[in-house]
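# Observations on the three-dimensional arrangement
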Amino acid sequence: MTEPLLEVSDLKIHFFTDEGVVKAVEGVDLVIERGKTLCLVGESGCGKSVASRAFMQIIRKPGKIVSGQMLFRRKSDDGTEEIIDLAKMDPKGYPIRQIRGKEISMIFQEPMTSLSLMHTVGHQITEMIRLHTDTTPTEAKVSAIKMLQRVGIPRPERLIDEYPFRLSGGMRQRVMIAMAMSCNPTMLIADEPTTALDVTTQAQILDLMLELQHDYGMALLFITHDLGVVAEIADDVAVMYLGRIVERGDADTVFNEPKHPYTQALLRSIPKIAMQRDELEPIKGMVPSPFRRPTGCQFHPRCAQRFNLCNQVEPANTHLNENHSVRCLLYEDAEARTSNAEAAAHG
Amino acid sequence: MANQLIEAGSNGHQQPALNDSQNLVEARGLKMYFPITKGLFSRVVGYTKAVDDVSFDIRAGETLGLVGESGCGKTTVGRCLVRAYQPTAGEIIYRKAVDLTKDAQKRQFSSHGFKHNDPSSQDQTIDLATLTGRQLSPFRHEVRMIFQDPYSSLNPRMTVFENITEALRNSGMRSRREMKERAGYLLKRVGLRPEYMVRYPHAFSGGERQRVVIARALVTNPRLIIADEAVSALDVSVRAQILNLLEELQSDFKLTYLFISHDLSVIRHICDRVIVMYVGKIVEVAEGLDIYTNPKHPYTEALMSAVPVANPRQRKQNQRIYLEGEVADPSNPPSGCYFHPRCQYAKDQCKTETPELKDMGNGHFSACHFAGELNLRGAVMS
Ligand SMILES: Nc1ncnc2c1ncn2[C@@H]1O[C@H](COP(=O)(O)OP(=O)(O)OP(=O)(O)O)[C@@H](O)[C@H]1O
Ligand SMILES: Nc1ncnc2c1ncn2[C@@H]1O[C@H](COP(=O)(O)OP(=O)(O)OP(=O)(O)O)[C@@H](O)[C@H]1O
Ligand code: SF4
Ligand SMILES: [Mg+2]
Ligand SMILES: [Mg+2]
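Okay, so let's go over this structure. Quick caveat, the model's predicted, so the values are computed rather than measured.

Thresholds, definitions, all that
- Along each chain, residue indices are assigned from 1 in the same order as the chain's sequence is written.
- Key to labels: chains lettered from A, ligands numbered from 1, both in the order written.
- Reporting in this predicted model follows two pLDDT cut-offs: at least 70 for local features of residues, and 80 or more for side-chain atom pairs to be given and counted; totals over whole chains, interfaces and linings ignore these cut-offs and use all residues.
- Only hydrogens and water are set aside; all other atoms, that is, all heavy atoms of the structure, feed into the side-chain values.
- Runs of H or I in DSSP of at least four residues are treated as helices and runs of E of at least two as strands, each being numbered from the N terminus.
- We call a residue buried when its accessible area falls under 20% of the maximum for its residue type, exposed when it is over 50%, and partly exposed in between, using a 1.4 Å probe and counting protein chains only.
- Contacts are assigned to residue pairs that have any heavy atoms within 4.5 Å of one another.
- The method behind every accessible area is Shrake-Rupley, applied with a 1.4 Å probe, and residues are considered shielded solely by the protein chains displayed.
- Ligating atoms shown are N, O and S within 2.8 Å of the metal, or 3.2 Å for Na, K and Ca, and water is not included, meaning a site may look less than complete.
- A 1.4 Å probe defines the accessible area here, and the buried area is the portion of it lost by two parts on being joined, summed over both.
- By definition here, a salt bridge exists when the distance from a side-chain nitrogen of Lys or Arg to a carboxyl oxygen of Asp or Glu is within 4 Å.
- We call two N or O atoms a polar contact when they sit within 3.5 Å, provided that within protein one can donate a hydrogen and the other can accept it, with sequence-adjacent residues counted only if both atoms are side-chain atoms.
- Proximity is defined per residue: if any heavy atom of the residue lies within 4 Å of a molecule or strand, that residue is considered near it.
- In this classification, Asp, Glu, Lys and Arg are treated as charged, Ala, Val, Leu, Ile, Met, Phe, Trp, Tyr, Cys and Pro as nonpolar, and every other residue, Gly included, as polar.
- Grouping buried Ala, Val, Leu, Ile, Met, Phe, Trp, Tyr and Cys residues that are joined through side-chain atoms within 4.5 Å yields what is termed a nonpolar core.
- Fitted lines through C-alpha atoms give the axes, limited to the stretch in contact for helices. The angle between two N-to-C directions lies from 0 to 180 degrees.
- Orientation labels follow simple angle bins: below 35 degrees gives roughly parallel, above 145 gives roughly antiparallel, 65 to 115 gives roughly perpendicular, and whatever is left gives oblique.
- Two rings from Phe, Tyr or Trp (for Trp, the six-membered ring) form a pair when their centres are within 6.5 Å of each other. A pair whose planes differ by under 30 degrees is stacked, one over 60 is edge-to-face, and the rest are tilted.
- Throughout this description, the term charge over a ring refers to an Arg CZ or Lys NZ atom that lies within 6 Å of the ring centre and within 35 degrees of the ring normal.
- A helix is expected to span 1.5 Å multiplied by its residue count minus one.

Summing up its helical and strand segments, chain B has 12 helices and 12 strands in all. Each of the 382 residues in chain B was classed as buried or not, and the buried ones make up 58%. Residue pairs at least 24 apart in sequence account for 68% of intrachain contacts in chain B once pairs closer than 6 positions are excluded. Accessible surface for chain B amounts to roughly 16,200 Å². Of this, 47% is attributable to carbon and sulfur atoms.

Listed below in structure tokens is the structure:
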């Protein structure tokens, strides 16, 4: 049996800029389970990073969590299990700092946003370890070296004396990964963690993450645009469009029976190695302006299957079965139709 | 001292000749060594041989792929070509564009579209490796790099507009309206709203920032673009849009690309030829599909075996070759063939003799002693 570790409902995050309000996240519902991998995919700018930063209460100004719940299950200081709402926590307070980095830890999309230029790699990892665990500097250094070794850094005992700017892009990314995993978090948020890694190194990192997941029951929220990686590691997949989850299901179902027109289009745009050149199929149209969100279904201006209701009615979340839900009027209708038909048959 | 290692520049005064008139760039014997220092007085205790005696050609109008393990020296090769680094040794022979007079330059910028000089009328060459300071400035416009890490390559204190048009301002352009038009046009082409120009880089998502960097590289009408993981932060749909844009610019203006990426399906899609590097050296070069169906170096084979397939049902079928053993250290590489400690086909000869890059016919080159004998497995074609 799995149990929910984090239950997010109706999360909204807005940026209050001079030009207007950017509704980056506009009602996200998600469940992240212990020991499982949830992959979050979606178009560039759809709100994946902003949503996941909210789980750690590190939204940058002028952004704000304007509504929603983020129920996180954890062991309280006296050892009993408690459920806290992360959305209600003070971003600067002591309680969230206890959780951040130790219980929920994050691999950031751009390593240089979170690595310091002024300190050596070794200093940064050992600080992280010592902040959250009760270790001596020597012990922390030993475990830092061990972790760097596991992410495939050559000669880690020398590398810990290097500064980040002297490392390659993929090496920096792996330093971040080592740092995020060094405290055995209950939940790891990995935001595009392997974009700078070649496929063999990437495979090694994915194996390592799954190993930690297996050993410690870590929950993994994996944000990636690489659908090959999703297919490789996901238990479940959530597809996001313009600040909302539009489809969610287990990996096999989402890849082989995608229901939402956006998911279908996304899967069609994957370049395949066997394919001839000049066949790439981007989704037509531009991402709508965040200031003027479309009426009805947010995807309708770009949707190939839209019909007369799509620009008027906002689709609700339709559960196709226990593990598969979609936000699209095509299915709402279908369901309504069958239930009507059933009602008619029984009546 | 690093200077003692610098051999470049010794023959810089003659006009260097290209081996093939089809080439835009010929890099010969390129080396980039970074000193490793220790202690209070920064004593040099060794060198990271990031790029170690690499030679390759870039043909005018082609897209040349560059792949290899993280840390093998791909970015360093790119940074040498745009002369962000002074190479330790080697030549970078570059075929110059016809001299642009100030006047012609002005005309070029005056429309939104891209205009380009016909590259066939150019036969003057220059060794970029020997140039210094001001001598380089004309080429800064022609050879542009899309840097791997958008966050640190954009100036956080300048708006996106200022970031994109910086090169134009540096070359004396003054008209704000013209620059706005051009920046707006480019933003639209990379799928961003022109209104975003006034924002600062931190107010964008990762993929949006990456596209700002692409727009910035295109702003000068370059001839050669080094795209370092330029689409790696983009979802498949936006990525398809950008790749189509790059191809369109190429066919319209004969743009040439050196395309660095770890994503082998993208490389497959966009590249005419592919170079594979391993620890600072080139181990294989091949035309398009050849490298996928018919790899001739064991490292390439391992790389191909690890390409993820976008279908969860094929997970178990994936027969990945695990690279066992230590990852090679570029400051202290293994003896003989650098790949031998991790190669499943290594024999005694591999421990002692360094293999040369051999011509296997059909534009296929491999640096493996047994390139002709091994029957290596290609990528899973899905
Ligand atoms: N400080 C800010 N001010 C205004 N808008 C912002 C700010 N930060 C982010 N945004 C906007 O919020 C939206 C969501 O951004 P987010 O970083 O979550 O995207 P993402 O899904 O992670 O995309 P990517 O795949 O490109 O990383 C984007 O449209 C972005 O422009
Ligand atoms: N400025 C520098 N000073 C010292 N060493 C450097 C510097 N830049 C790169 N290196 C070293 O040179 C080697 C090659 O780095 P490079 O960035 O070229 O790799 P890469 O192939 O681009 O890798 P990735 O795919 O991870 O980006 C690495 O060992 C790196 O640590
Ligand atoms: S609701 Fe309509 S517009 Fe939206 S995805 Fe479904 S068919 Fe397309
Ligand atoms: Mg992001
Ligand atoms: Mg690099």
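Past the structure itself, the notes keep going.
Our focus in this paragraph is the coordination of the magnesium ion (ligand 4). Taken together, the protein donors to the magnesium ion (ligand 4) comprise Ser-49 of chain A (OG) and Gln-109 of chain A (OE1), at separations of 1.9 to 2.3 Å. Of this pair, Ser-49 of chain A sits in helix H1 (residues 48–54) while Gln-109 of chain A sits in the loop between strand S6 (104–107) and helix H3 (121–132), and the two are 60 residues apart along the sequence.

Moving on to the interface of chain B and chain A. Accessible area lost upon the coming together of the parts serves often as the stated size of an interface. Contacts between the two partners involve 75 residues from chain B and, on the opposite side, 69 residues from chain A. Carbon and sulfur atoms make up 52% of the area that chain B and chain A hide from each other, which totals about 5,800 Å². For the pair chain B and chain A, the number of links is seven salt bridges. In this structure, the salt-bridge partner of Arg-320 of chain B is Asp-207 of chain A, at a minimum N-O distance of 2.5 Å. Where chain B packs against chain A, one counts 18 residue pairs in polar contact (both at pLDDT 80 or more).

A few words on the site of ligand 2. Neighbouring ligand 2 are 20 residues, the closest being Ser-168 and Gly-170 of chain A together with Ser-70, Thr-75 and Thr-76 of chain B. In this structure ligand 2 sits where residues from chains A and B come together. Thr-76 of chain B is positioned such that a nitrogen or oxygen atom in its side chain is 2.5 Å from an oxygen atom of ligand 2. Protein burial of ligand 2: of its 640 Å² of free accessible surface, 92% is covered by the chains. Mapped by element, the contributors of at least two residues to the shell around ligand 2 are helix H6 (169–181) of chain A together with strand S2 (43–59) and helix H1 (74–81) of chain B. In terms of residue class, the shell around ligand 2 is made up of eight nonpolar, 10 polar and two charged.

This paragraph deals with the nonpolar core. In terms of nonpolar packing, the biggest core is built from 103 residues, with Phe-55, Leu-86, Leu-148 and Met-209 of chain A touching the most fellow members. Tallying contributions element by element places H6 of chain A first for this core, with eight residues. Those residues in contact with Met-209 of chain A, other than ones at most four positions away along the chain, are Ile-107, Ile-177, Met-181, Leu-188, Ala-190, Pro-193, Met-218, Leu-220 and Phe-222 of chain A. By size, the runner-up hydrophobic cluster in this structure holds 74 residues, among which are Val-199 of chain A together with Val-160, Val-190 and Ala-230 of chain B.

All right, on to the packing of H6 of chain A against helix H7 (residues 199–216) of chain A then. Packed helices, taken two at a time, are described by the angle their axes make and the gap between the axes. All names here are of chain A. In contact at an axis separation of 12 Å, H6 and H7 are set at 5° when each is read in the N-to-C sense. Taken together, the axes of H6 and H7 lie roughly parallel to each other. Side by side, H6 and H7 meet where Arg-174, Ile-177 and Met-181 of the first sit next to Thr-201, Ile-205, Leu-208, Met-209 and Leu-212 of the second. For the contact of H6 with H7, the residue count by class is six nonpolar, one polar and one charged.

Bringing the packing of aromatic side chains into the picture now. For the structure on display, the rule yields 11 aromatic pairs over all chains. Centre to centre, the rings of Tyr-241 of chain A and Tyr-262 of chain A are 4.9 Å apart; their planes meet at 50°, and the pair counts as tilted. With a gap of 21 residues between them, Tyr-241 of chain A in strand S9 (residues 236–241) and Tyr-262 of chain A in helix H10 (residues 261–268) connect regions that are remote in the sequence. With respect to burial, Tyr-241 of chain A and Tyr-262 of chain A carry one shared label: buried. Each ring, one from Tyr-299 of chain B and one from Phe-339 of chain B, has its centre 5.6 Å from the other, and the planes form 75°; the classification is edge-to-face. Within this pair, whereas Tyr-299 of chain B is found in helix H11 (residues 298–305), its partner Phe-339 of chain B is found in the loop between H11 and helix H12 (348–352), the two being separated by 40 residues in sequence. Across the pair, Phe-339 of chain B and Tyr-299 of chain B agree in class, each one buried. The structure contains a cluster of three or more aromatic residues connected by ring pairs, namely Tyr-241, Tyr-262 and Phe-299 of chain A. It is Arg-199 of chain B that lies over the ring of Tyr-196 of chain B; its NZ or CZ is 4.3 Å from the centre. Above the plane of the ring of Phe-370 of chain B lies Lys-347 of chain B, whose end atom (NZ or CZ) is 4.3 Å from the centre.

Around ligand 3 lies a shell formed by His-260, Pro-261, Cys-297, Phe-299, His-300, Cys-303, Gln-305, Arg-306, Cys-310, Cys-328, Leu-329 and Leu-330 of chain A. Grouping the amino acids of the shell around ligand 3 by side-chain chemistry returns eight nonpolar, three polar and one charged.

Below, the discussion takes up helix H7 (residues 206–218) of chain B. At 3.6 residues per turn, the α-helix brings residues three or four places apart onto the same side. For H7 of chain B, spanning 13 residues, the distance from its first C-alpha to its last is 19 Å, which sits close to the expected 18 Å at 1.5 Å a residue. In terms of residue burial, H7 of chain B counts as a mostly covered element, since 13 of its 13 residues are buried.

Before going further, it helps to examine the coordination of the magnesium ion (ligand 5). Within the protein, Thr-75 of chain B (OG1) and Gln-148 of chain B (OE1) serve as the donor atoms for the magnesium ion (ligand 5), at 1.9 to 2.2 Å. Of this pair, Thr-75 of chain B sits in helix H1 while Gln-148 of chain B sits in the loop between strand S6 (143–146) and helix H4 (150–153), and the two are 73 residues apart along the sequence.

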